[in-house]
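# Report on the structure
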Amino acid sequence: MKKFLICLTILVIFGLFIFFVGWTSIRVKPMQVGIVTSKTGGVSEIPVVNGKFSWNKEFLLPANAILNCYTLEPLNVNKTVSGTLASGEAYTGVLGSVNNFGYEFNYSMNISVSEEDLVELIKKNKVKTQEDLNNYLSVSGDVIAQLTTDYLLKKLEENPGFSVESIRRDDLTKALRIYQECPEVQLSLFAITSSKVPDYDLYKKVRNQILNSDLRNSRSYSTSNSTNINNYDAESTTVDETVSQE
């Protein structure tokens, strides 16, 4: 009987040890999600969430698996995109005034990824650590900011009276198809905090004046060349007639 109790105790202890080794959800803090990566099974498709029981047999083999934890709370990023319209600096030189053709847009956005998308990012080796995830979200913010700026400049060129601040997040995401460029990210908040828009009316006037001036100069140059050619032909004819008379 004594031996039986000893064996039973050993089995219970061993069973508890096996249970705790594979019990992964206890290692994940609240507001975090864990992803198991193992040598034998690769990246687990099932995220580990705090408060939801999860047990992974991959941890029974020493040095076979690791559990990386990530915070999936939206990351707030602030982005600025600035520049000058094409040939804007040259046009400013023609006017001899301040730069009316520069632009600057400041954005604030909350970006995150879902548990499923996080698994895909890890499988594609785009993310390994929390720092990698934050960097990925920040770079996605750069892409979204540039796409938005290109869209706003196009709208302003079509309609100089277009109000930049009036645009809504849902309309913007549909127009830009952001989720095609950044399919793994979720944009929960997007705002244009400040903006400086170029003077498109003045830009078009100066551009048209320069184009018309270049066109006139080109026509004048062509006419001058044509006159010179005609004069050259006349001189050649005179020389030929003189030679014939001799």
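Residues numbered from 1 in each chain as written. Predicted model: local features only at pLDDT ≥ 70, side-chain atom pairs only at ≥ 80, totals over all residues. Heavy atoms only, no water.

## Re a nonpolar patch on the surface
- On the surface, Leu5, Leu8 and Val12 cluster together to form a nonpolar patch covering roughly 240 Å² of accessible area.
- For Val12, the location among the structural elements is in helix 1 (residues 2-22).
- A relative accessible area of 43% means that Val12 is categorised as partly exposed. (Patch = residues over 30% accessible without salt bridge, like charges linked within 9 Å, V, L, I, M, F, W, Y side chains within 5 Å. Areas by Shrake-Rupley, 256 points an atom, 1.4 Å probe, with all protein chains shown as cover. Salt bridge = Lys/Arg side-chain N within 4 Å of Asp/Glu carboxyl O. Helix = DSSP H or I, 4+ residues; strand = E, 2+ residues; numbered from the N terminus. Buried < 20%, exposed > 50% of the residue type's maximum accessible area, 1.4 Å probe, protein only.)

## What about the pattern of salt bridges?
- One pass over the full model with this rule turns up 4 salt bridges.
- Asp142 is the partner of Lys79 in a salt bridge, and the nearest nitrogen-oxygen pair spans 2.9 Å. With Lys79 in strand 5 (residues 75-84) and Asp142 in helix 4 (residues 130-158), this residue pair connects regions lying 63 residues apart in the sequence.
- A network of salt bridges, in which partner residues are shared, links Lys124, Lys126 and Glu184.

## Brief notes about helix 5 (residues 169-176)
- Along helix 5, the residues that are buried comprise Leu172, Thr173 and Leu176. The arc that holds the buried residues of helix 5, viewed along the axis, is 95 degrees, so those residues lie on one side.
- In this structure, the buried residues of helix 5 make contact with helix 4, helix 6 (178-181) and strand 7 (185-196). (Arc of directions from axis to C-beta. Contact = heavy atoms within 4.5 Å.)

## A look at the confidence of the model for the chain
- In the predicted model, the chain carries a mean pLDDT of 78, and 78% of its residues have values of at least 70.
- Confidence, read as mean pLDDT per element, is least for helix 7 (residues 200-245) in the chain (55) and greatest for strand 5 (94).
- In the model, residues 221-246 has pLDDT below 50 throughout and makes 0 contacts with residues more than four positions away in sequence or in other chains. (pLDDT = per-residue confidence, 0-100.)

## Here we look at the sheet that holds strand 7
- Spatial strand order, 5-6-7: 3 strands in an open sheet with antiparallel pairing. Taken across any chain shown, the strands that pair with only one partner, and hence form the sheet edges, are strand 5 and strand 7. Each adjacent strand pair in this sheet contributes to an overall mean axis angle of 20 degrees, direction not counted.
- Direction of pairing for strand 6 (residues 102-113) relative to strand 7: antiparallel, over a ladder of 10 bridges. (Pairing = 2+ DSSP bridges. Axes fitted to C-alpha atoms, helices over the stretch in contact; angles between N-to-C directions.)

## A closer look at unusual backbone geometry
- Phi at Met31 takes a positive value of approximately 70 degrees, unusual for a residue other than glycine.
- Position of Met31 relative to the elements: it lies in the loop between helix 1 and strand 1 (32-38).
- Residues other than glycine seldom take positive phi values, yet Asn125 does so here, at roughly 60 degrees.
- Take Asn125: it is sitting in the loop between helix 3 (115-123) and helix 4.

## With respect to the packing of aromatic side chains
- Taken as a whole, this structure holds 3 aromatic pairs when the rule is applied.
- The interplanar angle of 25 degrees and the centroid separation of 6.4 Å between the aromatic rings of Phe105 and Tyr107 together place this pair among those described as stacked.
- On the accessibility criterion, Tyr107 (1% relative accessible area) is buried.
- By way of ring pairs, the aromatic residues Tyr103, Phe105, Tyr107 and Phe190 are connected into one cluster. (Phe/Tyr/Trp six-rings, centres within 6.5 Å; stacked < 30°, edge-to-face > 60°.)

## What to know about the environment of Leu75
- Note that Leu75 resides in strand 5.
- C-alpha separation for the pair Leu75 and Val113, spaced 38 residues apart in sequence, amounts to 9.6 Å.
- Here Leu75 is in contact with Met109, Asn110, Ile111, Asn134 and Leu137, once residues within four sequence places are set aside.

## Remarks on the side chain of Ser38
- The topology assignment puts Ser38 in strand 1.
- Residue contacts for Ser38: discarding those within four places in its chain leaves Glu58, Asn64 and Ala65.

## Section: the environment of Glu89
- Residue placement: Glu89 occurs in helix 2 (residues 88-95).
- Spatially, the C-alpha atom of Glu89 lies 8.6 Å from that of Gly102, the residues being 13 residues apart in sequence.

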